[in-house]
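Structural overview for review
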Amino acid sequence: MNIFSEIYGTYFRITAKLLEKELTDEKTVRETVMREGFKDTLLFLPQKLIPGSESTGLFKRTEDGKLQRITKNAPVKLLTGIQKSWLKAKLADPRIRLFMDEDVISALNEKLGNIPPLYREEQFRYTDRFADSDDYHDEEYISHFRTALKAVKRRSIVYIDFISGHGNHMRGIFVLLKLEYSPKNDKFRAYCYLLRNGRIKSSGIINIGRITEITDTGRVFRTPVSIDEYFQSRKCSEPAVIRVTTERSGVERFMMEFAAYEKHTVRDTQTGEYTVELWYDEQDETEVLIRLLSFGPVIEIMGPAHLREQARQRIRKQYEYIKNSDMNSTLEES
Amino acid sequence: MAGFSELIKNFGKTRDYIRDFFIYGCKVRSDFDRKSLRTYSDEKRRVESWMGDYMRYDDSVHGRSVSISVDSGHIPENPLYNAFYSKSFTDNDMLLHFLLTDILSDGEYRALKDIVDELNSEYSMLFDEQTVRNKLKEYTQEGLVLSEKRGKTLYYSLCGDRADEYISHFEVLDDALKYFSEVQHFGVIGNSILKTAGMDNDLFFIKHNYIIHTLEDILIPEILSGMEEKRYITLQTFSAKKRSDSDDNGREAQVVPMQILVSVQTGRQYLAAYIPAVKRFSSFRLDYIKTIKKSTVCENYDELKAKYEKNISRCFGVSFGTRRETGTVTPMKITFCVDEDKEPYIIERLNREKRCCTLEKIEENLYTLTADVFDPNEIMHWAKTFIGRIVNIEGGTSDIIQRFYNDIIRMEEMYGGDSDEHIQ
């Protein structure tokens, strides 16, 4: 069993879609390939489907120029062994309970029968995941998660009572756009807009684990919202500009660790150093700053000024500790 | 570019290229010196074809640089899954796939001969028995087709499990699929189920999302299978320094696989394994592993696993240390200064991020973290996130403290501090 197989491939998937109807036409074939294929698929797939010298023969041309499939039925959407085995493994994941009740999990388990799970959780270990993950066994958490998920799906307006990251009790009327999961924090959050008098007042993120009450008001937020605009509203106004040196495999380590961020990189081919512009959510600025500092002198924060100043202040404080601490004498002795 | 195809036969080669584009962010054609320019152009075109909008071009004096820029926290689907969906195939593969599933979709069992006859009579397609037999055998292994022996003859039927029926029958399975298709482990498989059912993830985004991990999903099943069967496995690896060497065929190592170690902060994944040749545990970066091959059964697997469990509990990250070189290290103690009234969140941070270390309050506003780990070096990258709070470090090795000390002096100079002769 291998997921790298043509049966899961984009070409087979597009072909299956086109075979759903008994009759189609060249225009639909090309449009579907354009829409669902890779950038160059239009150069390769249509000729396999449209009758001609390179055709596989899955369609034949009718008298009125349409394309008729040679199969009798619409293609079946089969689950393969590896897909079922993956599903079986997920049923043992505590997070499955966020979605399904025990009876559904049992029924699905039974349906999958003696299919072995693709993996067991203990075969993996997260080396640096934070310890205060959400409690996926907690009934109240599950209930809050499900209400939030429903609200995202229906775009319904919800009342939420929660404790903020600074420990303050907050409440308000919100519309939830999407749910976010972080494998580092092992937590779920909801992207939301705070509403006042039925209008968007500000954007925010609420940790599901910090919600003390969430109630669906029964009303739906009908104003169109764009997730791009939401992200734009939270994005830093200026990117962090970082000089990354080659010392201690700095480039490789930095690029790998910051791979998740939108960035623009320029390399100086003479020195091998990179200058990276890094965009981040303004709320995450401290997280970005401390992660940058952890690279020590291998990188330098060139800007913006306020970020560099924050780094400078922390370094100055640390420098003072070093000057005055036992570390200095320990080193002198060694 | 005659002969170009956006589909691929060999995932390994492509994995290497995507990784370079993705990680380094910018590459110019001349950097890809380990392969011919023709190969470079083909690989680049393929990556462009799969990645679509995520490719970014910058003209520089050194040539056009190509990069993949993805804000992976704000995308509904990992674009690198496309590499998995690009396996090349023959026309016969395609034809047989749709015809065999069409013939067998009624759930009836048929003998090979009847299937071949039906291909001819109902679809006017002539196939020899061997070709059809091979395809049916392959599909039986993939779990698409069921086979049953009646007398001396094998009969085939289509497996009854269908993605759309599962989704409509099991409430909220679709939501679960949307979530699990974007997270570890093997999200690509969940995504393939969604695709089969004609659905997309429209509910979840993933923060701290290392989408590159998916490229290693190609190796992991074989490793897991090695673990299950308690076997040795043979790894072919390439070292970071030799990556640009086109003649580098890598090194082979025979190891006993123990666990996959996933870092959710550095973007790296490792195989933790026992190396019989040197009688110690070690971790191998998965992105530096080319191939995995299962070998013979390891008779003392359980004994090694028990030892591993003991050892891994003393790793801060993935390093089992190099005791033979450094000798025994004393536990490392790092003392942090925290304003308890104004900064309770720092204490929370220490607690949630300390891993196997212990944290104790030693006096008002001072907290000491004790790390009795194999390789104290690993702690320092993390400890530096607390720059501005570290009042003391003791234990570990003097090299570690020296480096930290030097780093702070260099940073102080770098960020505009005054030089101070007192600590030079």
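Source: prediction; values computed, not measured.

Looking now at the sheet that holds strand β2 (residues 59-61) of chain A. Residues and elements named next belong to chain A. With antiparallel pairing, three strands are arranged side by side in an open sheet as β1-β3-β2. Both edges of this open sheet fall to β1 (23-24) and β2, since each of them pairs with a single strand only. With three bridges connecting them, β2 and strand β3 (residues 67-69) associate as antiparallel partners. Paired with R61 across the bridge in β3 is L67.

Attention shifts here to the packing of helix α9 (residues 285-293) of chain A against helix α10 (residues 305-324) of chain A. Residue and element names in this part refer to chain A. Relative to each other, α9 and α10 sit at 55°, their axes nearing to 11 Å. Classified by the interaxial angle, the pair formed by α9 and α10 is oblique. Taken as a pair, α9 and α10 cross one another with a handedness that is right-handed. Side by side, α9 and α10 meet where E285, T286, L289, I290, L292 and L293 of the first sit next to H306, L307, Q310, A311, R314 and I315 of the second. For the contact of α9 with α10, the residue count by class is seven nonpolar, three polar and two charged.

The subject of this paragraph is helix α9 (residues 187-196) of chain B. In terms of residue burial, α9 of chain B counts as a mostly covered element, since nine of its ten residues are buried. The complete set of buried residues in α9 of chain B reads G187, V188, I189, G190, N191, S192, I193, L194 and K195 of chain B. On its buried face, α9 of chain B sits against α1 (10-18) and α4 (81-90) of chain A together with α3 (81-84), α7 (163-169) and α8 (173-180) of chain B. Of the residues flanking the end of α9 of chain B, it is G198 of chain B, one or two places downstream, whose phi is positive at about 75°.

All names here are of chain A. At a minimum axis distance of 10 Å, the contact between α1 and helix α2 (residues 26-36) shows a crossing angle of 140°. As far as their axial angle goes, α2 and α1 are oblique. Here α1 runs over α2; the crossing is right-handed. Between α1, through T10, I14, K17 and L18, and α2, the contact on the second element is made entirely by T28, V29, T32, V33 and E36. Classifying every residue of the contact of α1 with α2 gives four nonpolar, three polar and two charged.

Residues and elements named next belong to chain B. The sheet built from four strands is open, its strands ordered β14-β15-β13-β16 with antiparallel pairing. The open sheet terminates on both sides in strands that have one partner only, identified here as β14 (358-363) and β16 (390-396). With direction set aside, neighbouring strand axes in the sheet form an average angle of 20°. With five bridges joining them, β14 and strand β15 (residues 366-371) adopt antiparallel strand pairing.

Side chains of residues three or four places apart in an α-helix project in the same direction, reflecting 3.6 residues per turn. Where burial is concerned, most of helix α8 (residues 250-257) of chain A is hidden: seven out of the eight residues are buried. Among the residues making up α8 of chain A, those that are buried are G250, V251, E252, F254, M255, M256 and E257 of chain A.

A word on the interface of chain B and chain A. Taken together, the contacts link 155 residues of chain B with 139 residues of chain A. Buried area between chain B and chain A, both sides added, is near 14000 Å², and the carbon and sulfur share of it is 61%. Two residues, E252 of chain A and R285 of chain B, come together in a salt bridge whose shortest N-O distance is 2.8 Å. There are 62 residue pairs in polar contact (both at pLDDT 80 or more) connecting chain B and chain A. Considering every element that reaches the side of chain B that touches chain A, the biggest residue donor is helix α15 (residues 398-414) of chain B, with 13 residues. Along the lines of polarity and charge, the residues of the side of chain B that touches chain A split into 72 nonpolar, 42 polar and 41 charged. Bridge count between strand β6 (residues 169-182) of chain A and strand β7 (residues 204-206) of chain B: three bridges; the pairing is parallel.

Conventions and cut-offs
Residues numbered from 1 in each chain as written. Chains lettered and ligands numbered in written order. Predicted model: local features only at pLDDT ≥ 70, side-chain atom pairs only at ≥ 80, totals over all residues. Heavy atoms only, no water. Pairing = 2+ DSSP bridges. Helix = DSSP H or I, 4+ residues; strand = E, 2+ residues; numbered from the N terminus. Axes fitted to C-alpha atoms, helices over the stretch in contact; angles between N-to-C directions. Parallel < 35°, antiparallel > 145°, perpendicular 65-115°, else oblique. Left-handed = near helix turned anticlockwise from the far one by under 90°. Contact = heavy atoms within 4.5 Å. Nonpolar A, V, L, I, M, F, W, Y, C, P; charged D, E, K, R; others polar. Buried < 20%, exposed > 50% of the residue type's maximum accessible area, 1.4 Å probe, protein only. Buried area = accessible area lost by both parts, 1.4 Å probe. Salt bridge = Lys/Arg side-chain N within 4 Å of Asp/Glu carboxyl O. Polar contact = N/O pair within 3.5 Å; in protein donor to acceptor, adjacent residues only side chain to side chain.

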